[in-house]
Amino acid sequence: MDIAVVGAGSLGSLLGGMLAREHDVTLVGREPHVGTVQREGLDVVGVESFRVDPAARTDVPDSADLAIVAVKSGDTAAAADALADCALDACLSVQNGIGNEETLAASLSCPVLAGTCTYGARLDGPGRVDFTGRGEVVLGPRAGGESAIADEVGAAFRAAGVETTVAADMPTRLWEKLAVNAAVNATTALARVENGALADGPGRELAADAARETARVARKAGIDLSDDRAVSLTERVVRDTAANRSSMLQDVAAGRRTEIDAINGYVADRAAGRAPVNETLTRLIRLWEARD
Ligand code: PAF
C-alpha cells in the first residue's frame, strides 16, 4: 500500500516507520527531521529497534492509497486543506480529540476513517524516534458500522506488525480515548511525570476523576460509556505506557502549544460547569500557554 503520513512527529514517525517495514511510506513533516530521514533513513529505537528508509518531504504528495493524519488537533484544518488536492482512496485520523474526522471529511472526497492509537513514541532528534510503549490502533468508519476499506487498512497495518483492531463502534471508541487523554495528558504535563506515575497515589485519583467526568459528558452525548469502563481503560493505558511521556508532557517540555482545547477543554465546555477537574486542568494548562 502507498501510504502518506501527514504529521511526522513522534506518533506519526513511529507508525510510519512500522508501516515502512511492509509498505511504501512517505513521511510528511518538518525540517530538520525530513532532511535527515531523506539522507540517513529513520531509526526506531526501544520496544522494537529497526531502521527503515521511507520517503520524506515537507509537503503532501499528489496521490496515495491512504493518508494517515497524525498532526495535532489544532492543525487538522490545515492538514485537510493540504490534502484536498491529493488523490486518495482513504484517509485515517489517528489524532487525539473528537471532531477531527468531520473536519477532514469536509475537504476530502474519499472515505475518512476514525482511529485511535495508544502506542507510545517520542521524537528523540532528527531521524530518530523512541518506541516507548506497545499499544494498539483501533480504526473503522467514523460513523460506526463496517466497510471494506477499513478492513483493507486494518489488514495492511497488521501485515506491518502494528497491533490493530477494526471496530464497528468508532464513535464510542473516540470517547473512550478522550477519557484516557483527559485523565493522562494534562495531569502528566502539569506534574512533569511519565504515564506510569498515575498507577497509584494522588495521580491515580486525579486521573480517575477526569476520566469519570468525561464518561458523564459522553453519556449526555448518547455514548454508552460507564464511569468504571473509563477508569479501567485509563488504568490499562497507564500500565501499558508506563514509561511514556504523554504527548502533552512532550509539548510542554518543548515549549509548544498543547492539545488542551481538544481534550480537557472540550470536556469542560460540554459539561457546562459540571466537570470541575477537567476545567481546572484546562485553566492550568492555558495559564502555562499564556506565559511570555
Ligand atoms: O497523547 C498521548 O500521549 C497518548 O494518546 C496516550 C495514549 C495517552 C499515551 O501517552
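Residues numbered from 1 in each chain as written. Predicted model: local features only at pLDDT ≥ 70, side-chain atom pairs only at ≥ 80, totals over all residues. Heavy atoms only, no water.

1. With respect to the environment of Ala 275
Mapped onto the elements of the fold, Ala 275 is located in the loop between α10 (264-271) and α11 (276-289). For the pair formed by Ala 275 and Ala 70, sequence separation is 205 residues and the distance between their alpha carbons is 28 Å. (Helix = DSSP H or I, 4+ residues; strand = E, 2+ residues; numbered from the N terminus.)

2. Some remarks on the domain arrangement of the protein chain
Looking at the assigned domains, one finds that the protein chain contains domain 1 (2-168) and domain 2 (171-289). Relative placement of domain 1 and domain 2: their C-alpha centres are 23 Å apart. Taken together, the 25 residues of domain 1 in the interface contact 21 residues of domain 2. Across the interface of domain 1 and domain 2, roughly 1900 Å² is buried in total on both sides, 54% from carbon and sulfur atoms. Elements supplying a minimum of two residues to the side of domain 1 that touches domain 2: β8 (112-117), β9 (120-125) and β10 (128-133). Across the side of domain 1 that touches domain 2, the residue classes break down as eight nonpolar, twelve polar and five charged. (Domains from an automatic or database assignment. Contact = heavy atoms within 4.5 Å. Buried area = accessible area lost by both parts, 1.4 Å probe. Nonpolar A, V, L, I, M, F, W, Y, C, P; charged D, E, K, R; others polar.)

3. Some remarks on helix α8 (residues 227-240)
Residues spaced three or four apart along an α-helix face the same direction, because each turn holds 3.6 residues. With 14 residues, α8 ought to run about 20 Å at 1.5 Å a step, and its terminal C-alpha atoms sit 20 Å apart, in line with that. Every buried residue belonging to α8 is among Ala 230, Val 231, Leu 233, Thr 234, Val 237 and Val 238, and all of these are buried. Buried residues of α8, viewed axially, fall in a sector of 160°; they line one side. In α8, the exposed positions that point more than 90 degrees away from the buried face belong to Asp 228 and Arg 239. At its buried positions, α8 is contacted by α6 (170-191) and α7 (201-220). (Expected span 1.5 Å × (residues − 1). Buried < 20%, exposed > 50% of the residue type's maximum accessible area, 1.4 Å probe, protein only. Arc of directions from axis to C-beta.)

4. Concerning the sheet that holds strand β2 (residues 24-28)
Pairing is mixed across the open sheet formed by eight strands, whose spatial order is β5-β2-β1-β6-β7-β8-β11-β12. In the strand order of this sheet, the two ends are held by β5 (55-57) and β12 (164-166), each with one partner. The average undirected angle you get between the axes of adjacent strands in this sheet is 25°. By the bridge criterion, three bridges tie strand β11 (residues 137-141) to β12 in an arrangement that is parallel. (Pairing = 2+ DSSP bridges. Axes fitted to C-alpha atoms, helices over the stretch in contact; angles between N-to-C directions.)

5. Topic: the state of the cysteines
As used in these notes, a disulfide is a covalent bond between sulfur atoms, one from each of two cysteines. One pass over the structure, following the stated rule, counts zero disulfides. Residue Cys 86 stays outside any disulfide, its sulfur separated by 8.3 Å from that of Cys 110, the closest cysteine. Exposure remark for Cys 86: the relative accessible area of 10% places this residue in the buried category. Note on Cys 117: no disulfide assigned, nearest cysteine sulfur contributed by Cys 91 at a separation of 15 Å. (Disulfide = S-S within 2.5 Å.)

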